Amino acid sequence: MKPPVFDYIAATSVDMAVAALAEARGEAKIIAGGQSLVPMLNFRLLHPAILVDINRISGLAYIEETAAEIRVGALTRHYQLETSAVIARHLPVLSAAMTHVAHLAIRNRGTIGGSLSHADPAAELPMIAILLDAKLHIASASGKRTVAARDFLLDAMTVDLADSDIVTEIVLPKLPPRTGWGFEEVARRHGDFALAAAAATLTVSDGIITQARVAVTGVGPTALRVGGAEALLIGRALEQSLMSRAIGAVRAAITPETDLHASSDYRRHLAGVLAGRALSAAWRRALACAA
Ligand SMILES: Cc1cc2nc3c(=O)[nH]c(=O)nc-3n(C[C@H](O)[C@H](O)[C@H](O)COP(=O)(O)OP(=O)(O)OC[C@H]3O[C@@H](n4cnc5c(N)ncnc54)[C@H](O)[C@@H]3O)c2cc1C
């Protein structure tokens, strides 16, 4: 199928893009990497009157390090995240996740802002954003605002963006010292969307977990932080019975759909297995940091 007819505006600044979106009153769509939008146009799932291309806006693609954070421009490509030495040093769980996002050709074009705004229920970046307590900076006709990733993701493919809103920057706090991480995914073929994926970070002091973060994707309408598992882990060492209880908390927190690819029961079981592996890896790495 070919896309429906649309007008096209190549914005050269955020202000220009916001003005075009505001003028279109909900009839326009931003195009970034186009890796999700163009297939949806071709399948006639969307019929925007105007596409506002943000690829010519300079200064929207960058990875910058500050003392406590990594700031990523919304137009930063998946491949830039995957290969960034700064990300590898401070947010290795993000580097690891990126190799599972689609295929290289798609990672060359797809953007972090596009992935978060598209909010596919099985996408890796929304899970990593909530795992790492990321914040999104958003520009619109009415000004600028900042929203936490966990508040941004509202439902499957539904996010906290109004008609004239553009995600401009994603801010990711660096991992604290003595923090280990784990990322695990199962997909039918490498590069396919996940049947389920899990990520974890554990901060350990004197053999005791002082901060725990566990997130899953592919097992519900949005990626999810599993607060029940995190609460169990804090103040303890990760031994087998605790691990079993944490896995149980992950499985209890989710209600996956049955679809063509997997049953609900299989996905729930898998999410627990993957969360367990991610926690094991995070524990091992945290102990290695402390040694
Ligand atoms: C075959 C295939 C396999 C894939 N596999 C995976 C996978 O395994 N994991 C995964 O996570 N993704 C996967 N993807 C999706 C890919 O990662 C996309 O690149 C990504 O989801 C969207 O990013 P984009 O920059 O291409 O956005 P676009 O397609 O340009 O836009 C997507 C949506 O976001 C909006 N948007 C884009 N940028 C902004 C912004 N800055 N502010 C506000 N709204 C914005 C657009 O209006 C549109 O609604 C796959 C895609 C394909 C085609």
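Refer to the structure presented above.
All values derive from a computational prediction rather than experimental measurement.

Rules of the game
- Residues numbered from 1 in each chain as written.
- Predicted model: local features only at pLDDT ≥ 70, side-chain atom pairs only at ≥ 80, totals over all residues.
- Heavy atoms only, no water.
- Helix = DSSP H or I, 4+ residues; strand = E, 2+ residues; numbered from the N terminus.
- Contact = heavy atoms within 4.5 Å.
- Near = heavy atom within 4 Å.
- Polar contact = N/O pair within 3.5 Å; in protein donor to acceptor, adjacent residues only side chain to side chain.
- Areas by Shrake-Rupley, 256 points an atom, 1.4 Å probe, with all protein chains shown as cover.
- Buried < 20%, exposed > 50% of the residue type's maximum accessible area, 1.4 Å probe, protein only.
- Pairing = 2+ DSSP bridges.
- Right-handed = clockwise from strand over helix to strand, strands pointing away.

K.L.:
What's the story with the environment of Pro 4 in this structure? I'm lost.
P.N.:
Inspection of the secondary structure puts Pro 4 in the segment before β1 (7-10). Counting along the chain gives 43 residues from Pro 4 to His 47, while the straight-line C-alpha distance between them is 6.3 Å. Not counting residues within four places of it along the chain, the set of residues in contact with Pro 4 comprises Leu 41, Arg 44, Leu 46 and His 47.

K.L.:
Which parts of the structure should I look at to understand the site of the ligand?
P.N.:
Taken together, the neighbourhood of the ligand is formed by 31 residues, with Ile 30, Gly 34, Leu 37, Thr 111 and Glu 124 sitting nearest. Gly 34 places a polar main-chain atom, nitrogen or oxygen, 2.7 Å from an oxygen atom of the ligand. Protein chains shield 89% of the accessible area of the ligand, which is 970 Å² for the free molecule. Elements represented by at least two residues in the shell around the ligand include exactly β2 (28-31), α7 (112-118) and β10 (166-173). With five residues, the top contributor of residues to the shell around the ligand is α7.

K.L.:
Help me out: how do you make sense of the pairing of strand β3 (residues 50-53) in this one?
P.N.:
In summary, the side chains of a regular strand alternate between the two faces of the sheet. Burial of the side chains of β3 extends over both faces: Ile 50 and Val 52 are buried on one face and Leu 51 and Asp 53 on the other. By the bridge criterion, four bridges tie β1 to β3 in an arrangement that is parallel. Across the sheet, Ile 9 pairs through a bridge with Val 52, a residue of β3. By the bridge criterion, four bridges tie β2 to β3 in an arrangement that is parallel. Counterpart to Lys 29 in the pairing with β3 is Leu 51. Following the backbone out of β2, through helix α2 (residues 37-42) and into the adjacent parallel β3, one traces a crossover that is right-handed.

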